Protein chains: 2
Amino acid sequence: MADSTAIEATIERYWATFSTGDREGWLALFADDATVEDPVGSPLREGKAAIAEFFDQSQMLADRIVLDGRTAQVCGHEAAFHMQIRVITDQTTLVMDAIDVMTFDDDARITSMRAFFDPSKARIADG
Amino acid sequence: MADSTAIEATIERYWATFSTGDREGWLALFADDATVEDPVGSPLREGKAAIAEFFDQSQMLADRIVLDGRTAQVCGHEAAFHMQIRVITDQTTLVMDAIDVMTFDDDARITSMRAFFDPSKARIADG
């Protein structure tokens, strides 16, 4: 089993690579047969091609999407964390809270990601 | 399916009843056959008697345990939230971050709860 330090490193790279639009760096964090359910309740995306498509669709929504991740909690091969998502365009910045739940393989690659958030609760950032 | 307002109300009562030691109020939030995995990776507690025992064991750890819940995210019949747990004795207050993931039945009662936290990261509260 991957140790918690390796899992925490994957999570920090997940935030950093997504926030800088580093597609290959972000995709490398997933196992080949990983699944993504974002948001929870939406159809499952299975495998790297589907997950790459998800990345591209997400990044197209804004000039930049910054994941301000916090309070990652690792339990065995699973983890959960809170993040603020900042969706930045030249007009405005929207802020949403989200909680991601992930599982990991022995190499601390993500085998599943489920994202809890409610887009209807997005709010305009102060200042 | 329970609507998100009803699920949010259950979550707020979960924080409030646990924080005031309201055993019956807290237990009433669970379905009869609910399960609790706290922390994630520990043996599953199944049914109200096992969940009541978990409540009693938790409450014995301190004079008071306050759940400062935040950022509940409801997706269909599931939800996740971040909270700070304050474990208060007459000597000191320990603070831990945790993330809970729950499922709910049609009456917005909790059918499963999984708690992500790492007791080794507890810290002494400031002031």
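Above this note sits the structure.
Residues numbered from 1 in each chain as written. Chains lettered and ligands numbered in written order. Predicted model: local features only at pLDDT ≥ 70, side-chain atom pairs only at ≥ 80, totals over all residues. Heavy atoms only, no water.

**Student:** Outline the interface of chain B and chain A, supporting the account with residue identities and numerical values.
**Tutor:** At the interface, 21 residues of chain B touch 21 residues of chain A. Buried surface at the junction of chain B and chain A, both sides included, amounts to about 1,700 Å², of which 62% is carbon and sulfur. Three residues stand out in chain B for area buried against chain A, namely B:Gln73, B:Cys75 and B:Phe116, and they jointly supply 33% of the buried area on that side. For the pair chain B and chain A, the number of links is four salt bridges. Across the pair B:Glu8 and A:Lys121 runs a salt bridge, and its minimum N-O distance is 2.6 Å. It is strand 4 (residues 78–88) of chain B that contributes the most residues to the side of chain B that touches chain A, five residues altogether. (Contact = heavy atoms within 4.5 Å. Buried area = accessible area lost by both parts, 1.4 Å probe. Salt bridge = Lys/Arg side-chain N within 4 Å of Asp/Glu carboxyl O. Helix = DSSP H or I, 4+ residues; strand = E, 2+ residues; numbered from the N terminus.)

**Student:** Outline unusual backbone geometry, supporting the account with residue identities and numerical values.
**Tutor:** Residues and elements named next belong to chain A. Geometrically, the link from Asp38 to Pro39 is a cis peptide bond, its omega value of 0° lying close to zero. Inspection of the secondary structure assignment puts Pro39 in the loop between strand 1 (30–37) and strand 2 (45–46). The phi angle at Thr71 is positive, at roughly 50°, despite the residue not being glycine.

**Student:** Let's hear about helix 1 (residues 4–19) of chain A: which residues, and what values?
**Tutor:** Residues and elements named next belong to chain A. With 16 residues, helix 1 should reach 22 Å at 1.5 Å per residue; the first-to-last C-alpha distance of 23 Å fits that figure. Among all positions of helix 1, only Ile7, Thr10, Ile11, Tyr14, Trp15, Thr17, Phe18 and Ser19 are buried. With its phi angle positive at about 70°, Gly21 sits one or two positions after the end of helix 1. (Expected span 1.5 Å × (residues − 1). Buried < 20%, exposed > 50% of the residue type's maximum accessible area, 1.4 Å probe, protein only.)

**Student:** Explain the packing of aromatic side chains to me, and be specific about the residues and the numbers.
**Tutor:** This model, assessed by the stated rule, comprises 18 aromatic pairs over all chains. Through a chain of ring-to-ring contacts, three or more aromatic side chains come together here, namely A:Tyr14, A:Trp15, A:Phe18, A:Trp26, A:Phe30, A:Phe54, A:Phe55 and A:Phe81. (Phe/Tyr/Trp six-rings, centres within 6.5 Å; stacked < 30°, edge-to-face > 60°.)

**Student:** Help me get a handle on the pattern of salt bridges, residues and values and all.
**Tutor:** Residues and elements named next belong to chain A. Across all of its chains, the model carries 16 salt bridges over all chains by this definition. Ionic pairing is found between Arg114 and Glu37, a salt bridge with its closest N-O pair at 2.8 Å. Pair noted here: Arg114 is in strand 6 (residues 110–116) and Glu37 is in strand 1, with a separation of 77 residues, a long-range link. In this structure, Arg109 engages Asp105 in a salt bridge whose closest nitrogen and oxygen atoms are separated by 3.0 Å. Here Asp105 falls in the buried class, since its relative accessible area comes to 16%.

**Student:** An account of the pairing of strand 1 (residues 30–37) of chain B is needed here, citing residue identities and associated values.
**Tutor:** Residues and elements named next belong to chain B. Summarising burial for strand 1: six of the eight residues are buried, a large majority. Where strand 1 lies against strand 2 (residues 45–46), two bridges are found, and the strand directions are antiparallel. Its bridge partner being in strand 2, Thr35 is matched across the sheet by Glu46. (Pairing = 2+ DSSP bridges.)

**Student:** I'd love a proper account of the relation of the copies chain B and chain A, names of residues and values included.
**Tutor:** At an RMSD of 0.0 Å, chain B and chain A line up after a rotation of 180° and a shift of 0.0 Å along the axis. Read as a symmetry element, the transformation amounts to a two-fold axis. Taking the C-alpha atom as reference, chain B places B:His82 closest to the rotation axis, 3.3 Å from it. Both copies share a contact surface, since 100% of the interface residues of chain B are interface residues in chain A too. (Least-squares fit on C-alpha atoms with pLDDT ≥ 70 in both.)

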